[in-house]
Amino acid sequence: MTKIQAMPAVGKASLDAAVRPRPLAGVFSIDPYVPGKSSAPGVAKVYKLSSNETPLGPSPLAIEAFRSAADHLDAYPDGTAGVLRAAIGKRFGLDPARIVCGNGSDELLHLLASAYIGPGDEGIFTEHGFLVYKIAILAAGGVPVVAKETRLTANVDAILGKVTSRTKVVFFANPNNPTGTYLPVAEVERLADSLPRDVLLVIDAAYAEYATQTDYATGQDLVSSRENVVVTRTFSKIHGLASVRLGWCYAPADVCDALNRIRPPFNTSGAAIQTGAASLQDEAHIERAIAHNDRWREWLAREIGALGIETTPSAGNFLLLHFADPARAADADRFLTSRGLILRAVGAYGLPHCLRLTVGAEEANRLVVEGLRDFVSQGNAIG
């Protein structure tokens with residue numbers, strides 16, 4: 001056997017820097033996803049209102065299930081997540097065979113892009129849509145196409161106007177993050193009915209539980225009657241399991257088959273499977289979370305509006321706050337951070353004059369209003 005000689009140190013140093021492994025074209029043109037900040041240096045107590053986490057935390061049943069999972073850390077999980085899929089199916093009246101679970105709904109969005117978008121294919125998302133859509137499209141080698149919104153709300157006609165022969169997937173969040181706006185079920189049905197049958201419509205319903213409006217629907221009924229609609233859901237928001245990383249989608253059988261062929265074999269951990277299944281059993285906990293959000297989202301919108309700060313009507317567990325310009329938004333962000341109140345800057349979403357505020361616990365909500373009141377009283381222009 002011929003032994004490969006190690007290259008002398010001098011030779012290594014003199015190598016052309018361009019000679020090295022390179023990722024696929026376009027990888028370094030992708031802007032990494034940057035989560036909201038979570039700290040305020042020098043502040044004794046921090047209220048993190050930047051990531052849309054539930055102030056109620058997870059169900060006690062979920063916590064107990066997670067703890068019990070520690071007894072089985074040596075064993076591989078069920079690669080099909082059968083227990084969890086059965087629990088989801090029972091809870092929502094869905095066929096478990098048409099459910100695929102993932103490491104957060106983010107993974108499922110990436111898998112859908114990988115399965116249906118190739119180099120040169122187009123993926124559509126709306127103007128202020130979730131940043132992961134663009135990342136997933138680019139990572140698959142596709143071309144991201146942006147459809148304009150109307151008053152920060154998805155516009156069905158604008159989406160349809162961007163469809164070409166190269167369109168493979170439409171990503172659409174309902175309710176949308178970070179605007180909080182939503183499309184009523186009739187408009188979602190119109191979108192599904194109007195898309196070409198070979199274009200996949202992915203409805204991201206991460207905040208579905210918080211959308212209590214009578215004309216809202218998750219879109220799961222559309223999946224049952226069409227071959228080109230997928231709905232993604234998550235345990236990160238109202239279930240309070242963001243750290244566990246758990247999501248799922250309901251999809252046509254062919255789409256599930258495709259996803260199951262390309263997903264990692266154990267993409268859902270044993271702890272996630274047990275914790276998610278247990279969380280679904282605690283309907284009272286979910287109802288408390290919905291009631292808390294309904295009460296405080298309305299209160300925050302009213303109190304903040306009374307200060308002269310516009311908020312976008314929201315169907316999520318957050319509010320979008322509007323300031324006069326990006327400088328004022330940045331000033332407000334710094335002012336609140338100095339008090340340990342962490343909001344989300346959303347310049348990356350094309351909204352540099354806005355901040356996103358998660359509905360928090362009562363103490364945090366009242367402190368935010370107090371902080372904004374002091375900010376305004378110091379003569380800061382707001383809008």
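Computed from a predicted model, the values in this text were never measured in an experiment.

Draft legend 1. Broad picture of the environment of Pro184. Among the structural elements, Pro184 can be located in the loop between strand E5 (167-173) and helix H7 (185-194). Distance from Pro184 to Asp294, taken between C-alpha atoms, is 18 Å for residues 110 residues apart in sequence.

Draft legend 2. Local environment of helix H3 (residues 82-92). All buried positions along H3 are accounted for by Leu84, Arg85, Ala87, Ile88 and Gly89. Looking at the buried positions of H3, the neighbouring elements they touch are strand E2 (99-102), strand E8 (247-250) and helix H10 (270-281). Two residues or fewer past H3, Gly93 is found with a positive phi of approximately 70°.

Draft legend 3. Up close: the UniProt feature "modified residue: N6-(pyridoxal phosphate)lysine" (unreviewed entry) in the chain. According to UniProt, the positions carrying the feature "modified residue: N6-(pyridoxal phosphate)lysine" (unreviewed entry) are Lys237. Relative to the helices and strands, Lys237 is located in the loop between strand E7 (229-234) and E8. The contact partners of Lys237, leaving out residues within four places of it in the chain, are Ser51, Asn52, Thr54, Ala206, Tyr207 and Tyr210. Side-chain polar atoms of Lys237 contact the backbone oxygen of Ser51, separated by 3.5 Å.

Draft legend 4. Representation of the sheet that holds E8. Read across the sheet, seven strands follow the order E2-E8-E7-E6-E5-E3-E4 without closing on themselves; strand pairing throughout is mixed. Since the sheet does not close on itself, it has two edges, and those belong to E2 and strand E4 (143-147), each with one partner. Recorded for the sheet is a direction-independent mean angle of 20° between the axes of neighbouring strands. Sitting on the sheet, H3 is in contact with E2, E7 and E8, with an inclination near 125° to E2.

Parameters and conventions
Residues numbered from 1 in each chain as written. Predicted model: local features only at pLDDT ≥ 70, side-chain atom pairs only at ≥ 80, totals over all residues. Heavy atoms only, no water. Helix = DSSP H or I, 4+ residues; strand = E, 2+ residues; numbered from the N terminus. Buried < 20%, exposed > 50% of the residue type's maximum accessible area, 1.4 Å probe, protein only. Contact = heavy atoms within 4.5 Å. UniProt positions renumbered as here; feature names shortened; annotations may be inferred. Polar contact = N/O pair within 3.5 Å; in protein donor to acceptor, adjacent residues only side chain to side chain. Pairing = 2+ DSSP bridges. Axes fitted to C-alpha atoms, helices over the stretch in contact; angles between N-to-C directions.

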